[in-house]
Amino acid sequence: MNKPTPTTITRTPEEILNRSGQEIPALLLPRPDQVFAERALRLRQLAAGHAMRDYLMLLAVVCEAQHTQAQGGLHVPAPTAAQCEAAAQAGEPALDAVHWPRDAQWRSQLRALLVQVLDKLPADSPARTVVQQAAALDDDTLEQQANRLLAGITLGLDMATAPLVAAGLQLYFTQLAAAAGAALLPHHAPGKHSPRCPCCGSLPVASITRLGGSQEGQRYLHCTLCNTQWHMNRVQCTHCGATDGIQYQSLQAVQSDGKPLQRPSIEAETCDACHHYLKVVHMAQDLHVEPLADDLASLTLDLLVSETGMQRHGTNLLLLFGEAEEEAQEADTGVH
């Protein structure tokens, strides 16, 4: 499959003015029946000719398995309107990923997901060993690994199986966020600076500028865990909220005057104030962009930006890197 050609869409001043009075949705709740299938398709598109082709294709198979498992539904209680209201009053996410009492069903769905992945992988695939290792983890080990993942602790985390465990957690929390539905909606204002997901408290994987209706041209941060998107003003640091000193870096080819030939579909938004960055993908430049998939396929941009001393604000649960042991020990707050 060939990599899709980016599609650039321009809007006239009249079109922008006509939509300016529309109410901007503060939250876009995930669609479990769509999000994983769309991600799998994008990963397959991006894998063509990519240096990380094998890994992107493996994750495409994982996302397809997530999609299949999501169709069966999650039969556990979701947060009630009262719980959402209480969490909002306390300034906490209703589905706090670290403290939410996970139902055992997440492990059942993960194991079914891993069986499907093994069925789809070729017999000679090197990835089969890691998938089998993840499938063999007992309940206690799975819960310990999940606790570390959700708390952002890499000390003691099995980095080989972590993306697969994360896939199970994504499946679980995405279904929970969708099930909570309208109860989550009244408690987040459009444009509010929220560096973490207002639904589950996780970091974003990237942000996306959207197309269509009241979302036209608006920027949303995309949660790495529950796939909720929350509105945030453009040209604003996702880490500290600063609006000055915001710059954009990309891998786009430039002209002789240093200006890009056209606006790229993915950029790193950097902040001179706090020295953090987060990628942003633009639907107006490529209708097919998907925050998590495009983030994975643009690691070169991360490397170049990090060389300037910038630290990444977000995280991608499907590709994790270990931190220095002493830093991890400082972050460890009792997860065993």
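All of these numbers come straight from a predicted model, not from anything done at the bench. Each chain carries its own residue numbering, running from 1 in the direction its sequence is written. Under the rules for a predicted model, residues below a pLDDT of 70 receive no local features and side-chain atom pairs below 80 are neither given nor counted, while totals for whole chains, interfaces and linings still include all residues. The basis for the side-chain values is all heavy atoms of the structure; hydrogens and waters are excluded.

**Digging into helix α8 (residues 162–180)**
And step 1. Helix length check: α8, at 19 residues, gives a terminal C-alpha distance of 27 Å against a target of 27 Å (1.5 Å per residue), a fit within 8%.
And step 2. Where helices and strands are cited, they refer to DSSP runs of H or I of at least four residues and of E of at least two residues respectively, numbered from the N terminus. At the C-terminal side of α8, Gly-181 shows a positive phi close to 55 degrees. A helix is expected to span 1.5 Å for every residue after the first.

**Observations regarding the packing of aromatic side chains**
And step 1. Each Phe, Tyr or Trp ring, with Trp reduced to its six-membered ring, pairs with another whose centre is within 6.5 Å; inter-plane angles below 30 degrees give stacked pairs, above 60 give edge-to-face pairs, and intermediate values give tilted ones. By the definition in use, this model includes one aromatic pair.
And step 2. Judged by centre distance (5.2 Å) and plane angle (85 degrees), the rings of Tyr-172 and Phe-173 are edge-to-face.
And step 3. Residue exposure (1.4 Å probe, protein chains only): buried if accessible area is under 20% of the type maximum, exposed if over 50%, otherwise partly exposed. The class for Tyr-172 is buried, based on a relative accessible area of 1%.
And step 4. We classify Phe-173 as buried; its relative accessible area is 0%.

**Points about the pattern of salt bridges**
Side chains that differ in charge, positive against negative, can pair when their charged atoms come close.
And step 1. The working definition used for a salt bridge is a side-chain nitrogen of Lys or Arg within 4 Å of a carboxyl oxygen of Asp or Glu. Taken as a whole, this structure holds 16 salt bridges when the rule is applied.
And step 2. Between Arg-44 and Glu-64 there is a salt bridge; the shortest N-O distance is 2.8 Å. Taken as a pair, Arg-44 in helix α2 (residues 35–47) and Glu-64 in helix α3 (residues 53–70) lie far apart in primary sequence, 20 residues in all.
And step 3. We note a salt bridge from Arg-107 to Glu-143, for which the minimum N-O separation is 2.5 Å.

**Structural notes on the confidence of the model for the protein chain**
And step 1. On average, residues of the protein chain score 87 in pLDDT, and 86% of them reach the 70 mark or higher.
And step 2. Within the model, pLDDT remains below 50 along residues 1–21, and this stretch shows 31 contacts once partners closer than five positions in the same chain are excluded.
And step 3. The predictor attaches a confidence to each residue, called pLDDT, with possible values from 0 through 100. Contact criterion: two residues are considered in contact whenever any of their non-hydrogen atoms come within 4.5 Å of each other. Within the model, the stretch residues 324–336 combines pLDDT values under 50 with 17 contacts to residues more than four positions away or in other chains.

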